[in-house]
Amino acid sequence: MEPPRRGSGDGGVAGAGVAGGPGVKRLTALDVCILEGVAVGTPTVRLAASLYLSRQGVEYRIGLLMRQFQVSNRTALVSRAHSLGVLSVGVWPPRVLPEFLE
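Residues numbered from 1 in each chain as written. Predicted model: local features only at pLDDT ≥ 70, side-chain atom pairs only at ≥ 80, totals over all residues. Heavy atoms only, no water.

## Looking at the nonpolar core
Reasoning step 1: In this structure, Leu27, Leu35, Phe69, Val86 and Val96 are the most contacted members of the largest nonpolar core, which totals 23 residues.
Reasoning step 2: At the level of elements, helix 1 (29-40), helix 2 (44-51), helix 3 (55-68) and helix 4 (74-83) are the ones that each hand at least two residues to this core.
Reasoning step 3: With 5 residues, the single largest contributor to this core is helix 1.
Reasoning step 4: If we skip the residues at most four places from it in the chain, Leu27 touches Val32, Leu35, Leu65, Gln68, Phe69, Val86, Val96, Phe100, Leu101 and Glu102. (Core = buried A, V, L, I, M, F, W, Y, C linked by side-chain atoms within 4.5 Å. Buried < 20%, exposed > 50% of the residue type's maximum accessible area, 1.4 Å probe, protein only. Helix = DSSP H or I, 4+ residues; strand = E, 2+ residues; numbered from the N terminus. Contact = heavy atoms within 4.5 Å.)

Okay, here's the thing in structure tokens:
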């Protein structure tokens, strides 16, 4: 038996099935760096040092991204970004596609 599904399946993000859909907001260059870092598993402290930010600054930006993508944790953030076509497919490390860059 299949478990019950919650919500509409797209988490309230318009254009969820379409890369670059109208509901997928553009990301700043900083958000792109942070999302790509989270996607490859870079620790917060290392990410902060490489971006010349505080650890709290990186955590704040990750929180904003999680709110924007309507998810509750980092794993879900990467999964949602991938499913919306924000992250490249078939390459490592994953990269945010240029059409999502502000």
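On we go from here.
## Thoughts on the packing of helix 2 against helix 3
Reasoning step 1: Running from amino to carboxyl end, helix 2 crosses helix 3 at an angle of 105 degrees, the nearest separation of the two axes being 8 Å. As the angle between them shows, helix 2 and helix 3 are arranged roughly perpendicular. When helix 2 is examined against helix 3, the residues Thr44, Val45, Leu47 and Ala48 are found in contact with a partner set consisting of Arg55, Val58 and Glu59.
Reasoning step 2: Along the lines of polarity and charge, the residues of the contact of helix 2 with helix 3 split into 4 nonpolar, 1 polar and 2 charged. (Axes fitted to C-alpha atoms, helices over the stretch in contact; angles between N-to-C directions. Parallel < 35°, antiparallel > 145°, perpendicular 65-115°, else oblique. Nonpolar A, V, L, I, M, F, W, Y, C, P; charged D, E, K, R; others polar.)

## Concerning the pattern of salt bridges
Reasoning step 1: All chains considered together, the criterion is met by 3 salt bridges.
Reasoning step 2: Across the pair Asp31 and Arg61 runs a salt bridge, and its minimum N-O distance is 2.8 Å. One end of the pair, Asp31, is in helix 1; the other, Arg61, is in helix 3, with 30 residues separating them in the sequence.
Reasoning step 3: According to the relative accessible area criterion, Arg61 is partly exposed, its value standing at 21%. (Salt bridge = Lys/Arg side-chain N within 4 Å of Asp/Glu carboxyl O.)

## Here we look at unusual backbone geometry
Reasoning step 1: With an omega dihedral of 0 degrees, the bond running from Trp92 to Pro93 counts as a cis peptide bond.
Reasoning step 2: One non-glycine residue, Tyr52, lies in the positive phi region at around 60 degrees.
Reasoning step 3: Within the secondary structure layout, Tyr52 lies in the loop between helix 2 and helix 3.
Reasoning step 4: The exposure class of Tyr52 is exposed, given its relative accessible area of 76%.
Reasoning step 5: Phi at Gln70 is positive, roughly 55 degrees, even though this residue is not glycine.
Reasoning step 6: A relative accessible area of 42% means that Gln70 is categorised as partly exposed.

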